Amino acid sequence: MATMKRILIGDTDDDLVPRLAFFFEDKGYETTTAWNGQEILAQLRSRQFDVILLRDYFADANCEEI
């Protein structure tokens, strides 16, 4: 049995994040969501992801750090 691909979705948009998560879960992906830069960094430290979808700016972490 193949393992599910993991996707990290990071954004501050309350409408977009759940929609993207639902879309990818419906396609068979395991999704993790994060709502700010610090959450993203914590998720990246705790597990590996096959795909990472992020907005280009977070007030609490710069893109180079992420």
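Conventions used here
- Residues numbered from 1 in each chain as written.
- Predicted model: local features only at pLDDT ≥ 70, side-chain atom pairs only at ≥ 80, totals over all residues.
- Heavy atoms only, no water.
- Helix = DSSP H or I, 4+ residues; strand = E, 2+ residues; numbered from the N terminus.
- Buried < 20%, exposed > 50% of the residue type's maximum accessible area, 1.4 Å probe, protein only.
- Contact = heavy atoms within 4.5 Å.
- Areas by Shrake-Rupley, 256 points an atom, 1.4 Å probe, with all protein chains shown as cover.
- Lys, Arg positive; Asp, Glu negative; His and termini not counted.
- Charge placed at Lys NZ, Arg CZ, Asp CG, Glu CD.
- Phe/Tyr/Trp six-rings, centres within 6.5 Å; stacked < 30°, edge-to-face > 60°.
- Pairing = 2+ DSSP bridges.
- Axes fitted to C-alpha atoms, helices over the stretch in contact; angles between N-to-C directions.
- Arc of directions from axis to C-beta.

S.K.: I tried to follow the overall build of the chain on my own but got confused; where do I start?
M.R.: A count of helices and strands for the chain gives two helices and three strands. Secondary structure elements in the chain, listed N-terminal to C-terminal, are β-α-β-α-β. Residue burial in the chain is summarised as follows: out of 66 residues, 26% are buried. Summarising the internal contacts of the chain: among those between residues at least 6 apart in sequence, 53% fall at separations of at least 24. Surface exposure of the chain reaches about 4,700 Å², of which carbon and sulfur atoms provide 49%. The distance from the centre of the 7 positive side-chain charges to the centre of the 13 negative ones in the chain is 7 Å.

S.K.: Looking at this model, I keep getting lost on the packing of aromatic side chains. Mind explaining?
M.R.: Aromatic ring pairs are reported here in terms of the distance separating the ring centres and the angle at which the planes meet. Within the structure shown, the criterion is met by two aromatic pairs. Between Phe-23 and Phe-24, the aromatic rings sit 5.1 Å apart at their centres with planes inclined by 80°, giving edge-to-face as the arrangement. For Phe-24, a relative accessible area of 17% puts it in the buried group. Residues Phe-24 and Tyr-29 carry aromatic rings whose centres are separated by 5.8 Å and whose planes lie at 90° to one another, so their mutual orientation is edge-to-face. On the basis of relative accessibility, which here comes to 32%, the residue Tyr-29 falls in the partly exposed class. Following the ring pairs from residue to residue traces out a cluster consisting of Phe-23, Phe-24 and Tyr-29.

S.K.: Just to check I follow, could you spell out the sheet that holds strand 2 (residues 30-34) for this structure?
M.R.: Strands belonging to one sheet form pairs held by backbone hydrogen bonds; the direction of such a pair is parallel or antiparallel. Taken in spatial order, the three strands line up as 2-1-3 in an open sheet, and their pairing is parallel. Because the sheet does not close on itself, it has two edges, and the strands there are strand 2 and strand 3 (51-54). Taking each pair of neighbouring strands and ignoring which way they run, the sheet shows an average axis angle of 15°. In terms of strand pairing, strand 1 (residues 6-10) meets strand 2 through five bridges, oriented parallel.

S.K.: Help me understand helix 1 (residues 16-26) in this model?
M.R.: A turn of α-helix holds 3.6 residues, and therefore any two residues three or four places apart point the same way. Listing the buried residues of helix 1 in full gives Val-17, Ala-21 and Phe-24. Around the axis of helix 1, the buried residues are gathered within 75° of arc, so they sit on the same side. Facing away from the buried side of helix 1 by more than 90 degrees, the exposed set consists of Arg-19, Phe-22 and Asp-26. Buried residues along helix 1 sit against strand 1, strand 2 and strand 3. Among the residues trailing helix 1, Gly-28 stands out with phi positive, at a value near 100°.

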